[in-house]
Amino acid sequence: MKNTLPMIEVSGLHKQFRTPVVKEGRFAGIRTLFTREYRMKEAVKDISFSIQKGDFVGYIGPNGAGKSTTIKMLTGILHPSSGEVKINGINPHKHRRQVAKRLGVVFGQRSQLWWDLPVKDSYDILAHMYKVAPDEKEKRQGEMGELLDLKEFWLTPVRKLSLGQRMRADIAASMLHDPDVLFLDEPTIGLDVTAKRSIRGFLKKLNSEFGKTILLTTHDMDDIEQLCERVMVINHGQLSYEGTIENLRDKIGLPTLIRVTFHGTYQLPAPQDQCLPVELGLDAERTFQIVDAGSHEVHIEANRQQVKAMDILRMVSGWGEVADIHMEEPDFEDVIHRVY
Ligand code: ADP
Ligand code: MG
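Residues numbered from 1 in each chain as written. Chains lettered and ligands numbered in written order. Predicted model: local features only at pLDDT ≥ 70, side-chain atom pairs only at ≥ 80, totals over all residues. Heavy atoms only, no water.

1. A word on the site of ligand 1
Close contacts around ligand 1 come from F17, T19, K41, A43, P62, N63, G64, A65, G66, K67, S68 and T69, and that covers them all. The separation between an oxygen atom of ligand 1 and a polar main-chain atom of G66 is 2.9 Å. Here T69 contributes a side-chain N or O atom positioned 2.5 Å from an oxygen atom of ligand 1. The set of elements that each furnish at least two residues to the shell around ligand 1 consists of β1 (6–20), β2 (38–52) and α2 (67–74). The element contributing the most residues to the shell around ligand 1 is α2, with three residues. (Near = heavy atom within 4 Å. Polar contact = N/O pair within 3.5 Å; in protein donor to acceptor, adjacent residues only side chain to side chain. Helix = DSSP H or I, 4+ residues; strand = E, 2+ residues; numbered from the N terminus.)

2. Some details on the pattern of salt bridges
Counted by the stated rule, this structure contains 16 salt bridges. Here R140 ties to E136 by a salt bridge, and the two come within 2.4 Å at their closest N and O atoms. With R140 and E136 both in helix α5 (residues 134–148) and four residues apart, this pair spans about one turn of that helix. Residue class for E136 comes out partly exposed when judged on its relative accessible area of 35%. Across the pair E242 and R230 runs a salt bridge whose closest N-O atoms are separated by 2.7 Å. Of this pair, E242 sits in strand β9 (residues 238–244) while R230 sits in strand β8 (residues 230–235); the two residues are twelve residues apart in sequence, bridging distant segments of the chain. Overlapping salt bridges bring together K196, R200, D220 and D223 as one network. (Salt bridge = Lys/Arg side-chain N within 4 Å of Asp/Glu carboxyl O. Buried < 20%, exposed > 50% of the residue type's maximum accessible area, 1.4 Å probe, protein only.)

3. What about the sheet that holds strand β3 (residues 56–60)?
Spatially, β5-β6-β7-β3-β8-β9 is the arrangement adopted by the six strands of the open sheet, whose pairing is mixed. Edge positions in the sheet fall to β5 (103–107) and β9, since each of these pairs with one other strand and no more. Each adjacent strand pair in this sheet contributes to an overall mean axis angle of 15 degrees, direction not counted. (Pairing = 2+ DSSP bridges. Axes fitted to C-alpha atoms, helices over the stretch in contact; angles between N-to-C directions.)

4. Digging into the pairing of β3
With five of its five residues buried, β3 lies for the most part within the structure. Of the two faces of β3, the one holding F56, G58 and I60 and the one holding V57 and Y59 are both buried throughout. Pairing analysis gives four bridges linking β3 to strand β7 (residues 213–217), with the strands arranged parallel. By the bridge assignment, V57 is partnered in β7 with L215. Inspection of the sheet shows β3 paired to β8 by four bridges, in the parallel sense. For I60, the partnering residue across the bridge sits in β8 and is V233.

5. Observations regarding the sheet that holds β2
Across the sheet, which stays open at both edges, the three strands sit in the order β2-β1-β4 with antiparallel pairing between neighbours. Edge positions in the open sheet fall to β2 and β4 (82–87), since each of these has one partner strand only. Along the sheet, successive strands turn relative to each other by an average axial angle of 25 degrees, direction set aside. Two strands pair when backbone bridges link them, and β1 and β4 are joined in this way by five bridges, in the antiparallel orientation.

6. Some words on the packing of helix α4 (residues 119–129) against helix α6 (residues 163–174)
For the pair α4 and α6, interaxial distance at closest approach is 10 Å and the crossing angle is 20 degrees. Taken as axis vectors, α4 and α6 run roughly parallel relative to one another. Taken as a pair, α4 and α6 cross one another with a handedness that is right-handed. Mapping the contact onto sequence places V119, Y123 and L126 in α4 and A169, A172 and A173 in α6. For the contact of α4 with α6, a count of residues per class yields six nonpolar, no polar and no charged. (Parallel < 35°, antiparallel > 145°, perpendicular 65-115°, else oblique. Left-handed = near helix turned anticlockwise from the far one by under 90°. Contact = heavy atoms within 4.5 Å. Nonpolar A, V, L, I, M, F, W, Y, C, P; charged D, E, K, R; others polar.)

Here it is in structure tokens:
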């Protein structure tokens, strides 16, 4: 049984950014400087959620949805416009230092290591900043170094590392002070399959063996499927789904794309005569939909949990002489795009 202590609690979180309106045309730069018109951008609008100790949660959404802004507010880097964050019962904006000790943060796009220094030196500085005792540091550095295979580039300056090596070094660095909670903002971005595998394996271990609570932002749906029990979907600054991946699949209904090619022409029946749902006693809206109709080809989306392939074939045979029928099962990536 898992603990059910709320580790991260967020209620009514908002963030507005004030950005200058950029003028167009002649002397635009100068006019922008002097007129000072601003536009308010609401990056996060009324988000509430709760994450329990030991959870591994995926935070997904299209570009610009508000993921990084949320994470920055959770870690205390950004102040919310309104709403509240509590990490293990403590507000990171009122008690930033206290909370920082319990948090590890990794931004895939931006390293927290010192670019020109060997990895080892960055670790020394971080350990000093977080006041990690020397024996503690040695122990953790050894552990993480082993798991992430850091030895091969221990003395290499960060700028000379491959992206995969840098990300491994960054993730291990975020664990030096042994935080309870880990925020990862796109830790697998731009990585090859091998590097992704190594990082996923490590994150899995951090969660299942070390009991870390993890919130992960990613565009890689394999990350989500392999690592997260739960996902939260954010779109235009608002949560549009929260729950398990299975429920999300069910909710979306996973339509299968069926491409039917006819010999010569075909005749689509009028909607009321598209007999399949009626015959099966099903609701036409929910079972299949004609998404595209060309001169010799029809594309149908159908929910295969509700309709059998044979029934589809039977139905389309009534429309013309079927030359070929091809079914494409959707993958998780497509499911997600439907939510976006
Ligand atoms: P995501 O991480 O989901 O891609 P972000 O949280 O980075 O999205 O951004 C959400 C929205 O807020 C975007 O429209 C972005 O342009 C805007 N935004 C983010 N940071 C700032 C900032 N410092 N100033 C103004 N607008 C910002
Ligand atoms: Mg982002």
